[in-house]
Structure formats: structure tokens, C-alpha cells
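As a plain string of letters, each chain reads:
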Amino acid sequence: MTTTHTRMSNARVVDELERARRATLALLEPVTEADQRRQVSELMSPLCWDLAHIAHYEELWLLRALDDVAPTDPRFDDLYDAFRHPRRERVDLPILDPAGARAFAADVRARTLAHLATVDFVTDEPLLHDGFVYGMVVQHEHQHTETMVATIQLMGEGFAHPDGAIADEPGAATPAAVDPFATCAVPGGTVTLGTSTDPWAYDNERPGHTVELAPFVIDRYPVTNARYAEFVADGGYDDPRRWTDAGWAWRTEAGLAHPQFWRAEGAGTWSRLRFGRREDLPGSEPVQHVCWYEADAFARWADARLPTEPEWEAAAEGAPVAAANLGHRRWAPSPVGTLPATAGRWGAEQMLGDVWEWTSSTFAAYPGFRSFPYREYSEVFFGDQYTVLRGGSWAADPVAVRTTFRNWDFPIRRQIFAGLRLAHDA
Ligand SMILES: [Fe+2]
């Protein structure tokens, strides 16, 4: 067997590890110890649990798996295993306090860097090949940092994170005069999904394979707040014809009437609460904080549909990560039309970054899938209960965003930074 290697260097991995940690610590730095320790929402872990869990995962994969060292504390395998305790229970466990979590993370990191200096990525050992396991740990940290951003948003009026002020380059936030209904034709045919070659792609993105797609049309932009507000104004939340049976049941049980964090200000105007700040709803930004049921109902109301996962990936072909609004530089999605450099081959913009986009697909294994390096990353989530999101949000990091990347969640979840983009039959 011949094996190809990219030139993943130890220096690049050190950079990525350090960049992830800077982002995590910068996010937490302005948050009080009490706020890091408390349960903000039943849906979320205490922030200090996330930080120690990040460190525990790093110790597990970069020290114990690679170097066979003893755990810092054998109890951590229970306390920081996401499968053993639901998020709402973690606050009552004997977890490390914020200072203890920071010290644990720093200690693990120092030992990780020392061991990394001895590692060679040109190897057929699958964990180390092209630095895969380091990429997994880096992406894991960024994914938890995005989750922590969502926790901070759920603090509501209680905390205005100082980085949450929207800081754009001068003039950059001025929405271009664009048609939010603009569409792009995608020709279909034989398209490649997933990857067998991206060194840091997860098991669920593998292997690369081809599927046949009928031609279809996809919106150039994600659905904006202004378009979504029309759906609300038109009684979309009160019309069961727009909803699936399960969606209507959930809309009724949860009392959904508009996206999370919106507030009616009278006469068809809305405000939103964003990181402790109440502000006018920006009509040209992509809508976010809608669950799958809401996204699907909007699409029906608009006489359209959500794209399937293969359609989404085909439409995103060639979309450059570097141009995307990622990495919580701007603590909100960018107005549509302001990032033309994000366009992929078929002209759709802002497919990467801004908001996760709900697809119509449930989370399933690709043909030839092999669980790696552990079943609990992907395999245990395959099934009809999770729907797939694509593209990455403004709070996701570029290293954990690519056109093949698959995210998944329950169709009722809306604390995540998720919106939608419409597809249409050709
Ligand atoms: Fe995790």
C-alpha cells in the first residue's frame, strides 16, 4: 500500500494549538468566575466544565493515547466524559472550579508541547499520520469555544461580553444593494461528496464518493432577517399548513412565535438581544437562532425547500474558507452581499461562515464509512433523530470549517448559530 502525506509540520500544529487556546482564554477572560461556574441554561454546561473537558480530551488523545502516561486524576474520565452526564447535571458534579480548570489546561498543554517535539507526522500510524489526532484536538477545542459563545449569548441581559460589540472594518458592514431573492443554478450530474484526502477531515466526512444529482437552484444568499420577518408577519407561526406534524407539535409545545432573542417593538419592527445588547434587528443579516422546524416551515411558506446535504455540498464547491466570516471576529453574521469573495463555483455566497445552514438531510454514514478513532465521535449519532447543518457560523473557526464538514443537531435546537438557505427544483 502506498500512503501519501501532506507536509503537516510540527510548527503548524503548535501554531494551531496555541491559536485555539488563545481564542478560548480570550473568550473566558472577561467572564466572572461565578458566571463560569454557574449553569446558564439546561442546554449548556458550566463554562468551566467546557474548559476542563477540553483539557481532559487533550490529555486523553495527545498524552495518554500517544505517550501512555497516567491521567492527572482518574476521576476526570467520569466527570469530563460528555456521554456520562447530561449538560444540566454537570453543575452539581465535583468539577474543577474556573481557576482549577485553567491550571489543568495549562499543565496538559505544556506536556503536550513537550511530547509534540518528539513526534513525526510522516508515518502510517493512523492517529499520527499528517497530525490527524492533533487536528482532532484542535478542532474539538474550537467547537467547544463556539459552544461557549452560545452559552454566553444565553446569559441574555445578564452579561454583555466586551468583544461582542460589532467591530467592522470601516465601511465593511454597509450592505451592498443586493437582491435577497437572487438564485444560482447548479447543474447536477456526478458530484463528489466528502473527502478521502483532507488530512484533518473527520471520519463522518469520509470516504470521498460520488452521487448523481438532478439539476437544482439554490439561493445566492442565506435567508435574511427581513425575509424571515415577513414570514412572521404573514402568520407563518400560526398556520399549521406550513409545518410538519412534528414541527407543529413542537411549535405549539414550546410556544414558538419568532426566532430566539427577537422581541416585537410594535408596528412590524423587531429588536434582538445579542450578547447583552438590545439592538434594532438588522434586516440584511442572515437570520440565526431558528430551529430546523422553523427553517423547514419558512421554506414551505416561501414555496421552496431546504437543500439536501448533497445539494448543499455541490453548491458550495470552490467556496474559499479564507474569505468567510469565521472565528468570531465579527460577533454576528455579515449582511448578505458584503462578502462577494466567498462565492463558490456556482455563485452562491456566504456558504461558509456567517450561519450554520440547516439541510433537509438526517445524519447518516457515507458508503464505506469506518469509525475513527472512536465510535462516539460520529457513529453513535447516525440516525433519523439528528439533522445535518453545513457551512459553519461566524463563531466557528476556519480550521473546523470546510465544504465537506458535517455538523448535526436535534431539530428543536436553536441556541446554535443556525439559519438557512433555500433550494428550489430546477
Ligand atoms: Fe467535547
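Residues numbered from 1 in each chain as written. Predicted model: local features only at pLDDT ≥ 70, side-chain atom pairs only at ≥ 80, totals over all residues. Heavy atoms only, no water.

## Description of the pattern of salt bridges
As enumerated under the stated definition, the model contains 37 salt bridges in all. The salt bridge involving Arg84 is made with Asp78; its shortest N-O contact spans 3.9 Å. For Arg375, the salt bridge identified is with Glu379, shortest N-O distance 3.5 Å. Overall, Arg375 belongs to the partly exposed group, its relative accessible area being 44%. (Salt bridge = Lys/Arg side-chain N within 4 Å of Asp/Glu carboxyl O. Buried < 20%, exposed > 50% of the residue type's maximum accessible area, 1.4 Å probe, protein only.)

## So, the side chain of Thr112
Tracing the backbone shows Thr112 in helix α5 (residues 98-116). Since its relative accessible area comes to 1%, Thr112 is described here as buried. Ignoring sequence-local partners within four residues, the contact set of Thr112 consists of Leu17, Glu58, Leu62, Leu63 and Tyr134. (Helix = DSSP H or I, 4+ residues; strand = E, 2+ residues; numbered from the N terminus. Contact = heavy atoms within 4.5 Å.)

## Remarks on the pairing of strand β7 (residues 277-280)
One ladder, built from four bridges, connects strand β6 (residues 269-274) with β7; its direction is antiparallel. In the strand pairing of β7, Leu273 is matched with Arg278. In textbook terms, the turn of a hairpin is the stretch between consecutive antiparallel strands, and for β6 and β7 this stretch comprises two residues, one of which, Phe275, has a positive phi near 50°. (Pairing = 2+ DSSP bridges.)

## Here's the deal with the pairing of strand β9 (residues 383-390)
Of the pairings in the sheet, the one linking strand β8 (residues 356-363) to β9 comprises four bridges and is antiparallel in character. Within the sheet, the bridge partner assigned to Phe363 lies in β9 and is Gly383. Examined bridge by bridge, β9 and strand β10 (residues 407-409) share three bridges and lie antiparallel to one another. Bridge pairing in β10 links Thr387 to Asp409.

## Re unusual backbone geometry
Here the amide bond leading from Arg206 into Pro207 is cis, since omega sits at -10°, within 30 degrees of zero. Tracing the chain through its elements places Pro207 in the loop between β2 (189-193) and β3 (209-213). Note the cis peptide between Phe372 and Pro373, where omega equals -5°. Among the secondary structure elements, Pro373 is positioned in the loop between β8 and β9. In this model, Phe261 sits at a positive phi of 80°, which is unusual for a non-glycine residue. Considering the arrangement of structural elements, one finds Phe261 in the loop between α8 (245-254) and β5 (262-266). Phe261 sits in the buried class, given a relative accessible area of 15%.

## Details of the packing of helix α1 (residues 10-28) against helix α3 (residues 47-67)
Their axes nearest at 11 Å, the elements α1 and α3 cross at an angle of 165°. With respect to α3, the axis of α1 lies roughly antiparallel. Between α1 and α3 lies a crossing of left-handed hand. Judged by residue contacts, Leu17, Arg21, Thr24 and Leu28 of α1 engage Leu47, Leu51, Ile54, Glu58 and Leu62 from α3. Its residues assigned to classes, the contact of α1 with α3 comprises six nonpolar, one polar and two charged. (Axes fitted to C-alpha atoms, helices over the stretch in contact; angles between N-to-C directions. Parallel < 35°, antiparallel > 145°, perpendicular 65-115°, else oblique. Left-handed = near helix turned anticlockwise from the far one by under 90°. Nonpolar A, V, L, I, M, F, W, Y, C, P; charged D, E, K, R; others polar.)

## Concerning the sheet that holds β7
Note: strands within a sheet are paired through backbone hydrogen bonds, in either parallel or antiparallel orientation. If you walk across this open sheet you meet the three strands as β5-β6-β7, and the pairing is antiparallel. In this open sheet, the two edge strands, each paired with only one partner strand, are β5 and β7. Along the sheet, successive strands turn relative to each other by an average axial angle of 30°, direction set aside. Each of β5 and β6 is contacted by helix α7 (residues 225-233), which is oriented at about 70° to β5, the strand it contacts most.

## Thoughts on α7
Listed as buried for α7 are Asn225, Arg227, Tyr228, Ala229, Phe231 and Val232. Packed against the buried residues of α7 are β4 (216-219), β5, β6 and α9 (292-301). Directly beyond the C-terminal end of α7, a positive phi value near 80° is found at Gly235.

## Quick word on the sheet that holds β8
Read from one edge to the other, the open sheet built from four strands follows the order β10-β9-β8-β11, with strand pairing classed as mixed. At either margin of the open sheet sits one strand with a lone partner, and together these are β10 and β11 (418-419). Sheet topology note: the β8/β11 ladder contains two bridges and is parallel. Bridge assignment links Trp356 to a residue of β11, and that residue is Ala418.

## Observations concerning the packing of α3 against helix α6 (residues 132-154)
In the contact formed by α3 and α6, the axes pass within 10 Å of each other and the chain directions differ by 175°. As far as their axial angle goes, α6 and α3 are roughly antiparallel. Touching Leu47, Trp49, Asp50, His53, Ile54, Tyr57, Glu58, Trp61, Leu62 and Leu66 of α3 are Val133, Tyr134, Met136, Val137, His140, Glu141, His144, Met148, Thr151 and Ile152, all from α6. Tallied by class, residues from the contact of α3 with α6 come to 13 nonpolar, four polar and three charged.

## Focus: the nonpolar core
Tyr134, Tyr228 and Leu420 are the most contacted members of the largest nonpolar core, which has 77 residues in total. Ignoring anything within four residues of it in the chain, the contact list for Tyr228 reads Val223, Tyr237, Pro259, Trp262, Val287, Val290, Glu294 and Phe298. Membership of the second largest hydrophobic core comes to 36 residues, among which are Val31, Leu47, Val108 and Phe275. (Core = buried A, V, L, I, M, F, W, Y, C linked by side-chain atoms within 4.5 Å.)

## Structural notes on the environment of Ala267
Residue placement: Ala267 occurs in the loop between β5 and β6. Measuring from C-alpha to C-alpha, the distance between Ala267 and Thr32 comes to 38 Å, with 235 residues separating the pair along the chain.

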